[in-house]
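# Descriptive analysis of the structure
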Amino acid sequence: MKTLKFNILYVSCILMFFSCANEMDQVENLNNPDKDQVLANGSDLISVIGGGYVSWWQANNQDLYPALAVAGDIATCSWGNFGMNILSNEPRNPVLNSASWSDLSVLEQPWQGNYAAISSANDVLGAINNNDITWMVDGEDKTPMVAAASYFLRGISYGYLGLLFEKGFVVDENTDLTQSLTFATYSELIDQAVTDLDAAITIANSNVFEIPDNLINGVEISDADLIKLCNSFKARFIVQSARNLTETNAIDWDNIKTLAEAGITEDFGPIGDNGITWWTNANVLMDSPNGFAEFGGRLDMRIVHLLDPNQPEFFPAAAGSVLTNPQMTTSDARIGSGKDFEFRPDILFSSGRGRFHFSHYIHIRFLNDPNFSDGADSKKMQTFMLEDNRLLLAEAKARLDEVGDAVLDVNASSRVTRGNLAPLLITAPKADVLDAIFYERYIELFNTAVGSGFFDRRRTNQLQVGTFRHLPVPATELQVLSEDLYTLGGVTADPTGVVPHYNINAAPARTNDNNIPTFN
């Protein structure tokens, strides 16, 4: 790994919040140089860590959200916003990692925002661990609660950096930022996430507390619930950080089983504040008045084909092409008028940007499910659904050849309870059980955790050839470091999506069906 000088200029670049209101909603920059003065009193700790949670949330749930969904063939949309058109082009284009790319925020938001959250956590942990700052309220020591919340924040921030980026930096409250650091691999970022989440568990095991609902909006978290959250997030990060099927098969699935069994027992996510601070760009991928409405993203044809194998995996790309039988035939109760996914006879995307973007089905679950948010209302935003944890547990059991037990978990899941599909037979083959698990991961978890479908496609070798398997370090950060610019992806330049290069020439959109995409 290359050694880089992690100087003050670089620190200010990667840890600052966006100055533009439309990028980070004018979140207060808590990473000022006089942090010892700011954190001189215990009451300061909670406000700093609260700002860090806002940074983490906005880093991972705004511009990045639709970009990953379309790149993973989970949703489809032809519009140029949030890099959707360029990143879902067929054949696949490289990530346009250039300071001049109008949608560079797709890279910058998660990079800068997660590091801003880490910086907040480091400041608080440094004050507690190194400066002996405590927070007493009416004789009660709140310091363990703040420390646990800080480790949790740092853990989930490193976890998302490890899910998203090819590499990054690991810094904690003891790091000397004037010294040289090396880039850490995505696996090392995930290792740091697990270490921090374990630290939060250790504190929670020894203390009784309640994390207040002004950190993660509207959600109080007890010490017991924090332990469950940490276990589930560890399982998510370890499993979904796999870059290919080989890495997936090498996972310690016994560990994942243990983590999922000790994981969440209810849906987790912040309460929306009607698009002020706590919101997501999930509304871009549905028919929502807070997004593009009927012009919103559609259900990708690869998922339509999963629901009804008689439907093609790709909408015909030739000019004027239509589907002979556009409506699905499926027994899944989540499909139909007023259900999760609704048929629309009209397709409102631009034909000139590629008819391969087309689909007749749009997501409207938020309209009829009181527990499902459109991303910009006042409902709970489903960041980690109980079904997600259940499916991780079922997958672990299946991969450990505990297939009968996996079947019981699948039959207790949304497959039966919401889809009204026939329960799997207890004697079902392992391959069928895994197929049923991923079916639910793509259908039931649609528009929940950011990047979920993309990460699942990646770890099972189901991304289109040329799709980036992770994001490059943003060009603006590389320029500050005086490092060579590079990018990833592109069906010609980088078919595997993992070989750094700097050819950002965009390929023309596919106009016929002579070269149907393949997967890697």
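Residues numbered from 1 in each chain as written. Predicted model: local features only at pLDDT ≥ 70, side-chain atom pairs only at ≥ 80, totals over all residues. Heavy atoms only, no water.

### Describing the overall build of the protein
When you go through the protein residue by residue, the secondary structure sums to 20 helices and 12 strands. Its C-alpha atoms give the protein a radius of gyration of 22 Å, within 12% of the compact-globule value 24 Å for 520 residues. Each principal axis of the C-alpha atoms in the protein carries an extent, and together these give about 70 × 50 × 45 Å. Burial status across the protein gives 62% buried among its 520 residues. Residue pairs at least 24 apart in sequence account for 72% of intrachain contacts in the protein once pairs closer than 6 positions are excluded. (Helix = DSSP H or I, 4+ residues; strand = E, 2+ residues; numbered from the N terminus. Rg over C-alpha atoms; globule rule 2.2 N^0.38 Å. Buried < 20%, exposed > 50% of the residue type's maximum accessible area, 1.4 Å probe, protein only. Contact = heavy atoms within 4.5 Å.)

### As for the side chain of Lys234
Counting through the fold element by element, Lys234 comes out in helix H10 (residues 223-240). Setting aside residues no more than four positions away along its own chain, Lys234 makes contact with Val194, Leu197, Asp198, Ile201 and Leu259.

### Here we look at the environment of Phe209
Positionally, Phe209 belongs in the loop between helix H9 (186-206) and strand S8 (210-211). Along the chain, Phe209 and Ala293 lie 84 residues apart, while their C-alpha atoms are 42 Å from each other. If near-sequence neighbours (up to four positions away) are discounted, Phe209 is found in contact with Pro144, Met145, Ala148, Ile203, Ala204, Ile221, Ser222, Asp223 and Leu226.

### Quick look at the pattern of salt bridges
A full pass over the atoms with the stated rule returns 28 salt bridges. Between Asp340 and Arg418 there is a salt bridge whose closest N-O contact spans 2.9 Å. In this pair, Asp340 is assigned in the loop between helix H13 (301-307) and strand S11 (341-343) and Arg418 in the loop between helix H17 (414-417) and helix H18 (430-443), connecting sequence segments 78 residues apart. On the basis of relative accessible area, Arg418 is assigned to the partly exposed category, the value being 25%. A salt bridge links Asp388 to Arg441, with the shortest nitrogen-to-oxygen separation between them at 3.0 Å. Taken together, the residues span a long stretch of sequence, with Asp388 in helix H15 (residues 386-399) and Arg441 in helix H18 at a distance of 53 residues. (Salt bridge = Lys/Arg side-chain N within 4 Å of Asp/Glu carboxyl O.)

### Re the nonpolar core
Of all hydrophobic cores here, the largest spans 133 residues; its most connected members are Leu45, Tyr53, Phe152, Leu226, Phe233, Phe237 and Phe468. Tallying contributions element by element places helix H8 (residues 143-164) first for this core, with 14 residues. With near-sequence residues (within four places) excluded, Phe233 lies in contact with Phe152, Ile156, Tyr160, Leu197, Phe268 and Phe384. One finds Leu391, Val407, Val433 and Ile437 within the second-largest nonpolar core, a separate group that totals 15 residues. (Core = buried A, V, L, I, M, F, W, Y, C linked by side-chain atoms within 4.5 Å.)

### What about empty space enclosed by the protein?
Taking a probe equal in size to a water molecule and rolling it over the atoms shows the remaining empty space. One pass over the full model with this rule turns up 4 cavities of 30 Å³ or more. Put simply, the largest cavity is a space of about 150 Å³. Along the wall of the largest cavity there are 15 residues; nearest its centre are Ile74, Asn447, Ala449, Ser452 and Gly453. Looking at the lining of the largest cavity, the elements with two or more residues in it are helix H5 (64-71), H18 and helix H19 (452-459). Counting residues per element, the lining of the largest cavity draws most heavily on H19, which supplies 3 residues. There is about 100 Å³ of room inside the second largest cavity. Among the residues making up the lining of the second largest cavity, the classes are represented as 7 nonpolar, 8 polar and no charged. (1 Å grid on protein atoms, 1.4 Å probe; cavity = no way out; pocket = protein on both sides within 12 Å on 5 of 7 lines; lining within 4 Å. Points joined across faces, edges and corners; volume = space filled by probe spheres on them. Nonpolar A, V, L, I, M, F, W, Y, C, P; charged D, E, K, R; others polar.)

### Side note on H19
Burial of H19 is extensive: 8 of the 8 residues sit out of reach of the surface. Regarding H19, the residues found buried are Ser452, Gly453, Phe454, Phe455, Asp456, Arg457, Arg458 and Arg459. Following H19 by one or two positions, Asn461 adopts a phi angle in the positive range, close to 60°.

### Some details on the side chain of Asp374
Its place among the elements puts Asp374 in the loop between helix H14 (365-368) and H15. Here Asp374 sits buried without a salt bridge, and the closest side chain of opposite charge, Lys379, lies 7.5 Å off (N-O distance). Dropping the residues within four chain positions of it, Asp374 is found in contact with Ala282, Asn283, Met286, Ser288, Pro289, Asn290 and Phe366. (Lys, Arg positive; Asp, Glu negative; His and termini not counted.)

### What to know about the packing of H18 against H19
Taken N-terminus to C-terminus, the directions of H18 and H19 make an angle of 150°; their axes are 9 Å apart at the nearest point. As judged from the angle between their axes, H18 and H19 are roughly antiparallel. Considering the relative orientation of H18 and H19, their crossing is left-handed. Contacts from Phe438, Arg441 and Tyr442 of H18 reach H19 at Ser452, Gly453, Asp456, Arg457 and Arg459. Classifying every residue of the contact of H18 with H19 by side-chain character gives 2 nonpolar, 2 polar and 4 charged. (Axes fitted to C-alpha atoms, helices over the stretch in contact; angles between N-to-C directions. Parallel < 35°, antiparallel > 145°, perpendicular 65-115°, else oblique. Left-handed = near helix turned anticlockwise from the far one by under 90°.)

### Here we look at the environment of Phe356
Its place among the elements puts Phe356 in the loop between S11 and strand S12 (361-363). Placed 278 residues apart in sequence, Phe356 and Ser78 show a C-alpha to C-alpha distance of 9.0 Å. Not counting the four nearest positions on each side in its chain, Phe356 is found in contact with Thr76, Ser88, Asn89, Glu90, Phe315, Ala317, Ala509 and Arg510.

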